[in-house]
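# Report on the structure
Residues per chain, in single letters:
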Amino acid sequence: MWTFVVVSDIHVGSPRSFRFEPAWNENWQTAREQILEINPDLLLICGDLTRDGNLHKYELEAIKKDLDDLPFPYYVVPGNMDAGNKHTDIRGPIKDRDDISLNIRSEHLKQFSSVFGSLWWSFVYKNVRFSGFCDILAGSGLPEEKDFWKWMEHQKYQPRAKFHIWIMHYSLFIHDLHEPNYDIRDPEQYLAWYFGIDEPYRSRIFNVFKETNATIVINGHIHCRKTRYIEGIRFDSAPSTAFSQCKNLWDDGDPTLGFLRYDVYEDRIECSFIPLRKISNKKGYGPRGHPPPEKRDYSLAWEK
Ligand SMILES: [Fe+2]
């Protein structure tokens, strides 16, 4: 038996920013200590490494340095706070949130890659193939999207391993693989729109999972834990280590902070949830959500 660990939405921030939650940084250090005790063969991170890495390259660089000091390899995909949100041409109903201006952009992807390398990757370790990709590109219309789909389709022809683990940031679906696209304009549907992947990209990605014999697909973004099985593939929505949200998105979601431990045997993979053993209650500053530029007040910063 050997072990890999999956964390997500660690949201490590900086006191140089217009907002900072030291509790989230401390929670990551708690998770980090717990992971070091487990001493896994490798660590996967389903995006949102930073609080505002798309705006501040120094946040990406700081968490990279922290991860580089771990004694085992780690693999990341970008989250929306690292590289920008899922694309929309229509603004949603939330005041102070200009969804269109939050769209993923090439400059943010380039910034992310300049720190963490490729936006998609696949490799075999022991009896498992691991693959990860920047799902936020799907439907973005960015120049990088073409290469992204080319890479995805190419995965169908990669040599197989006994198991195949995929990681992504957004959730492939919210309630059902065959659900309709949610309406960003409808306040009742906004969150479901915000957290999931729309058609036709959802089906195209699912087809790649099927054709590559996916065993487990793990996503972040929602900060709430839930497992579903679709056509023999296990879908794990990973918890956050930083802060809980979306406890009402599903009837049986668990927003408890922590991470996922996967034990790999010859014939199966077992998943267990490891809660954080200590939750920080330190107070921070600055606005939540996605504030527009004029509401980002850097004079609040604890460190100049
Ligand atoms: Fe997040």
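Being a predicted model, the structure only gives us computed values, none of them experimental.

Further remarks concern the overall build of the protein. In terms of regular secondary structure, the protein is built from seven helices and 11 strands. In terms of overall size, the protein behaves like a compact globule, its C-alpha atoms giving a radius of gyration of 18 Å where 304 residues would be expected to give roughly 19 Å. A principal-axis box enclosing the C-alpha atoms of the protein has dimensions of 55 × 45 × 40 Å. For the protein, buried positions account for 59% of its 304 residues. Contacts in the protein between residues at least 24 apart in sequence constitute 73% of all its contacts with a sequence separation of at least 6.

For the rest of this paragraph, the subject is the sheet that holds strand S1 (residues 2-7). Reading across from one edge, S3-S2-S1-S10-S11 is the order of the five strands in this open sheet, with mixed pairing throughout. Each edge of the open sheet is held by one strand with a lone partner, namely strand S3 (74-76) and strand S11 (269-275). Mean inter-strand twist for the sheet, computed between neighbouring axes without regard to direction, equals 20°. Pairing analysis gives four bridges linking S1 to strand S2 (residues 42-45), with the strands arranged parallel. Residue pairing in the sheet places Val 7 in a bridge with Ile 45 of S2.

To continue, consider the packing of helix H1 (residues 22-38) against helix H2 (residues 57-68). Each packed pair of helices is defined by two parameters, the angle between the axes and the distance between the axes. Between H1 and H2, the shortest axis-to-axis distance is 12 Å and the interhelical angle comes to 20°. In terms of orientation, H1 lies roughly parallel with respect to H2. The handedness of the crossing between H1 and H2 comes out as right-handed. Contacts between H1 and H2 pair Trp 28, Gln 29 and Arg 32 from the former with Ile 63, Asp 66 and Leu 67 from the latter. For the contact of H1 with H2, the residue count by class is three nonpolar, one polar and two charged.

Okay, the coordination of the iron ion next. Only Asp 9 (OD), His 11 (NE2), Asp 48 (OD) and His 223 (NE2) from the protein coordinate the iron ion, and they sit 2.1 to 2.3 Å from it. Relative to the metal, the four donor atoms surrounding the iron ion lie at angles of 83 to 170°, and the coordination shape comes out irregular. For the iron ion, the single-chain donor residues occur in sequence as D-x1-H-x36-D-x174-H. Taken as a pair, Asp 48 in the loop between S2 and H2 and His 223 in the loop between strand S7 (216-219) and strand S8 (226-230) lie far apart in primary sequence, 175 residues in all. The buried category is assigned to His 223, whose relative accessible area is 2%.

Before going further, it helps to examine the packing of H2 against helix H4 (residues 106-116). At their nearest, the axes of H2 and H4 sit 10 Å apart, and the two run at 25° to each other. In terms of their interaxial angle, H2 and H4 are classed as roughly parallel. The way H2 lies across H4 gives a crossing that is right-handed. Across from Lys 57, Leu 60, Glu 61, Ile 63, Lys 64 and Leu 67 in H2, the residues of H4 making contact are Gln 111, Phe 112, Ser 114, Val 115 and Phe 116. A per-class count over the contact of H2 with H4 returns six nonpolar, two polar and three charged.

Our focus in this paragraph is unusual backbone geometry. For the bond running from Glu 199 to Pro 200, omega is 5°, close enough to zero to count as cis. Position of Pro 200 among the secondary structure elements: in the loop between helix H6 (190-195) and helix H7 (201-211). One non-glycine residue, Asn 39, lies in positive phi territory at about 50°. Take Asn 39: its relative accessible area is 49%, and that puts it in the partly exposed class. A positive phi angle, close to 50°, is found at Lys 126, a residue other than glycine. Turning to its location among the elements, Lys 126 is positioned in the loop between strand S4 (120-125) and strand S5 (128-133). According to the relative accessible area criterion, Lys 126 is exposed, its value standing at 53%.

So, on to the nonpolar core. In this structure, Leu 43, Leu 67, Phe 116, Phe 133, Leu 172 and Phe 209 are the most contacted members of the largest nonpolar core, which totals 54 residues. Leaving out residues up to four positions away in the same chain, Phe 116 has contacts with Leu 49, Leu 60, Ile 63, Lys 64, Leu 67, Tyr 74 and Val 76. One finds Phe 4, Trp 121, Val 128 and Ile 269 within the second-largest nonpolar core, a separate group that totals 21 residues.

Each pocket or cavity is described by its volume, and for the largest pocket that value is around 350 Å³. Lining the largest pocket are 20 residues, with Arg 97, Tyr 194, Phe 243, Gln 245 and Gly 289 positioned closest to its centre. Those elements that provide at least two residues to the lining of the largest pocket are helix H3 (80-83) and H6. Ranked by residues supplied to the lining of the largest pocket, first place goes to H6 with four residues.

Criteria and thresholds
- Residues numbered from 1 in each chain as written.
- Predicted model: local features only at pLDDT ≥ 70, side-chain atom pairs only at ≥ 80, totals over all residues.
- Heavy atoms only, no water.
- Helix = DSSP H or I, 4+ residues; strand = E, 2+ residues; numbered from the N terminus.
- Rg over C-alpha atoms; globule rule 2.2 N^0.38 Å.
- Buried < 20%, exposed > 50% of the residue type's maximum accessible area, 1.4 Å probe, protein only.
- Contact = heavy atoms within 4.5 Å.
- Pairing = 2+ DSSP bridges.
- Axes fitted to C-alpha atoms, helices over the stretch in contact; angles between N-to-C directions.
- Parallel < 35°, antiparallel > 145°, perpendicular 65-115°, else oblique.
- Left-handed = near helix turned anticlockwise from the far one by under 90°.
- Nonpolar A, V, L, I, M, F, W, Y, C, P; charged D, E, K, R; others polar.
- Donors = N, O, S within 2.8 Å, 3.2 Å for Na, K, Ca; no water.
- Tetrahedral: all angles 85-135°; square planar, octahedral: opposite > 155°, others 65-115°.
- Core = buried A, V, L, I, M, F, W, Y, C linked by side-chain atoms within 4.5 Å.
- 1 Å grid on protein atoms, 1.4 Å probe; cavity = no way out; pocket = protein on both sides within 12 Å on 5 of 7 lines; lining within 4 Å.
- Points joined across faces, edges and corners; volume = space filled by probe spheres on them.

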